[in-house]
Amino acid sequence: MKIFLDTIGCRLNQAEIENMARQFRSAGHEIVANADSAEMAVVNTCAVTTQAASDSRSKIRNIARAGVEQIIPTGCWTTLQPKEALALPNVLQVVTNDKKDFLVPNVLNLPQETFDIEPIDRTPIPGLHRRTRAFIKVQDGCDNKCTFCVTTIARGESISRPLANVIADINSALAGDSKEIVLTGVHLGSWGQEFNHHLRDLVKAILRETDVKRLRLSSLEPWDLDAGFFSLWEDKRLMPHLHLPLQSGSDSVLKRMLRKTTTDSFRQLVLSARKLIPDVAITTDIIAGFPAETEDEFLQTLDFVNEMQFVGGHVFSYSSRAGTGASRMKGQVKPEVRKKRNHILQESIAESAKSYRQKFIGKKVSVLWESTTEYDEFGWKMEGWSENYLRVSAVASSPRWNEVDKVKLLEIDGEKMKAEII
Ligand code: SF4
């Protein structure tokens, strides 16, 4: 069968469809680049914001319009709204998050117990979701109850994947010629808590037991880390990039969000990271316009964001999600105010990101080329990510997709940097 895999939202969703691709391939099916030529489609949906939920529905409708008669929605929106998902055109069945790991054997009517994918290396999915970097799921679910978060509801309790399974997935990705491994989860920092281990132990084991050349960590909740964690970066295979969701720079708002951090503990963590990891890139997530956020609380957030000098991040306008504590809070901020605050915070981050890029002009970094955007008389135009998560473009005499090259950074080019391969 020709199968189209689509996803929306987080890296974990991407990691999950990459794993489904391996499973379908090992069962003898073909993964196709778009819906037009597919007989079946799986869509890993998202519910993190109202917009993401709406985009998930549109994706399913578009796939039905493309002529796919067997569509299987899964993921967070599907888990929260299974009836709505089942009512969409050409939906064969819905698979909620708690049954997602067995989606492929169930859909193919194969016995779960004996279904084996070991022989098949992980290779990129064709089409829009083609990635050079392999996203590896190490953990699912979350035991925290941040009041704005619907993911903790859709994904359920925190559960860690066994070390051996993670190592096996990484080796399969490396055998499939992946040059960079990205560890991902809903609450990555809680990996191992069930068996008295810490994410630190997982990272050490991966660096010890695999030939990974570039290892990157996805989003980490600040309260899971301490200064000692940063000594891991003595191993240069660990990419100097930390994504630490702040969500708010106001302690009173952090309290209403039930975030297990304060501005001071966040500040101390960032100072330790910058002391122990040279040139570390710190990115973040922030919510603008959380319920009852006063102008003063917003200005506290803006001051703190300016102080932290993030080099990138996502600013979300607060999106009320049914079932969350924040959706029941009084003092919902007007949408136009959320939007205005979002814009101001984005400008602040864009400014500090530009100063960070400025520091690297003339410096040498290694870049994993992730896309070939165009070809003209000058050669192939490449784009990719450096170790410290700078978006870099350069011209090459031949296509260098999925290759790692040393480059010299020449100048800032909008949100990217222009470089020459050396
Ligand atoms: S830590 Fe908070 S924001 Fe992150 S998934 Fe858990 S509940 Fe959601």
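Residues numbered from 1 in each chain as written. Predicted model: local features only at pLDDT ≥ 70, side-chain atom pairs only at ≥ 80, totals over all residues. Heavy atoms only, no water.

### Some details on the environment of Lys 354
Alright, step 1. Among the secondary structure elements, Lys 354 is positioned in helix α12 (residues 335-359).
Alright, step 2. The spacing of Lys 354 and Ile 72 is 282 residues in sequence and 42 Å in space, taken between C-alpha atoms. (Helix = DSSP H or I, 4+ residues; strand = E, 2+ residues; numbered from the N terminus.)

### A few points about the site of the ligand
Alright, step 1. Neighbouring the ligand are the residues Cys 142, Asn 144, Cys 146, Phe 148, Cys 149, Thr 152, Val 186, Glu 221, Trp 223 and Arg 259.
Alright, step 2. Taken together, the residues of the shell around the ligand break down into 6 nonpolar, 2 polar and 2 charged. (Near = heavy atom within 4 Å. Nonpolar A, V, L, I, M, F, W, Y, C, P; charged D, E, K, R; others polar.)

### Observations concerning the sheet that holds strand β8 (residues 181-184)
Alright, step 1. In spatial order, the strands read β5-β8-β9; together these 3 strands make up an open sheet with parallel pairing. Taken across any chain shown, the strands that pair with only one partner, and hence form the sheet edges, are β5 (134-137) and β9 (215-217). Recorded for the sheet is a direction-independent mean angle of 30 degrees between the axes of neighbouring strands.
Alright, step 2. Sheet topology places β5 next to β8; 4 bridges connect them, and they run parallel. Within the sheet, the bridge partner assigned to Lys 137 lies in β8 and is Thr 184. (Pairing = 2+ DSSP bridges. Axes fitted to C-alpha atoms, helices over the stretch in contact; angles between N-to-C directions.)

### Some words on the domain arrangement of the protein chain
Alright, step 1. Each assigned domain of the protein chain is listed here: domain 1 (2-114), domain 2 (134-358) and domain 3 (364-421).
Alright, step 2. A C-alpha centroid distance of 33 Å is found between domain 1 and domain 3. (Domains from an automatic or database assignment.)

### Quick notes on the environment of Gly 156
Alright, step 1. By the element assignment, Gly 156 lies in the loop between α6 (151-155) and β7 (159-160).
Alright, step 2. Taking C-alpha positions, Gly 156 is 8.5 Å from Asn 97, a pair spaced 59 residues apart along the chain.
Alright, step 3. Discounting chain neighbours no more than four positions away, the residues touching Gly 156 are Gly 141, Cys 142 and Thr 151. (Contact = heavy atoms within 4.5 Å.)

### Things to note about the pattern of salt bridges
Alright, step 1. Evaluation of the coordinates by the stated rule reveals 28 salt bridges.
Alright, step 2. The closest approach of N and O atoms between Asp 169 and Arg 22, which form a salt bridge, is 3.3 Å. On the criterion of sequence distance, the pair formed by Asp 169 in helix α7 (residues 163-175) and Arg 22 in helix α1 (residues 11-26) is long-range, its members being 147 residues apart. No difference in accessibility class separates Asp 169 from Arg 22, as the two residues are buried.
Alright, step 3. Between Asp 101 and Lys 137 there is a salt bridge, and its shortest N-O distance comes to 3.7 Å. With Asp 101 in the loop between α4 (82-86) and α5 (103-107) and Lys 137 in strand β5, this residue pair connects regions lying 36 residues apart in the sequence.
Alright, step 4. Taken together, the shared-partner salt bridges connect Glu 16, Lys 100, Asp 101, Lys 137, Asp 140 and Arg 155 into one network. (Salt bridge = Lys/Arg side-chain N within 4 Å of Asp/Glu carboxyl O. Buried < 20%, exposed > 50% of the residue type's maximum accessible area, 1.4 Å probe, protein only.)

### Here we look at the packing of helix α10 (residues 263-276) against helix α11 (residues 295-308)
Alright, step 1. Their axes nearest at 11 Å, the elements α10 and α11 cross at an angle of 10 degrees. As judged from the angle between their axes, α10 and α11 are roughly parallel. Each of Thr 263, Phe 266, Arg 267, Val 270 and Arg 274 in α10 lies in contact with α11, whose residues at this interface are Phe 304, Glu 307 and Met 308.
Alright, step 2. Considered class by class, the residues forming the contact of α10 with α11 number 4 nonpolar, 1 polar and 3 charged. (Parallel < 35°, antiparallel > 145°, perpendicular 65-115°, else oblique.)

### What to know about helix α8 (residues 199-209)
Alright, step 1. Every buried residue belonging to α8 is among Leu 199, Leu 202, Val 203, Ala 205, Ile 206 and Leu 207, and all of these are buried.
Alright, step 2. Close packing links the buried residues of α8 with α7, β8 and β9.

### Some points on the packing of aromatic side chains
Alright, step 1. Under the defined criterion, the tally for this structure stands at 9 aromatic pairs.
Alright, step 2. Judged by centre distance (5.3 Å) and plane angle (80 degrees), the ring pair of Trp 191 and Phe 195 falls under edge-to-face.
Alright, step 3. A relative accessible area of 36% places Phe 195 in the partly exposed class.
Alright, step 4. Between the aromatic rings of Phe 290 and Tyr 318, the centroid separation amounts to 5.7 Å while the plane-to-plane angle is 80 degrees, which identifies the pairing as edge-to-face. Of this pair, Phe 290 sits in the loop between β11 (281-288) and α11 while Tyr 318 sits in the loop between β12 (313-317) and α12, and the two are 28 residues apart along the sequence.
Alright, step 5. Taken together, the ring pairs connect Phe 229, Phe 230 and Trp 233 into an aromatic cluster.
Alright, step 6. If you follow Lys 363 out to its NZ or CZ, it ends over the ring of Phe 360, 5.1 Å from the centre. (Phe/Tyr/Trp six-rings, centres within 6.5 Å; stacked < 30°, edge-to-face > 60°. Lys NZ or Arg CZ within 6 Å of the ring centre and 35° of its normal.)

### Here's the deal with the sheet that holds strand β4 (residues 70-75)
Alright, step 1. Here we have 4 strands laid out as an open sheet, ordered β2-β1-β3-β4, and parallel in their pairing. The two strands at the open ends of the sheet, each matched to only one other strand, are β2 (30-32) and β4. Taken pair by pair, the neighbouring strands of this sheet meet at an average axis angle of 30 degrees, ignoring direction.
Alright, step 2. Relative to β2, strand β1 (residues 2-7) is paired through 3 bridges, and the arrangement is parallel. Counterpart to Phe 4 in the pairing with β2 is Val 32.
Alright, step 3. On the sheet, α1 packs against β1, β2, β3 (40-45) and β4 and is oriented at approximately 170 degrees with respect to β1.
Alright, step 4. Helix α2 (residues 50-65) rests against β1, β3 and β4 of the sheet, and its axis sits at about 170 degrees to β3.

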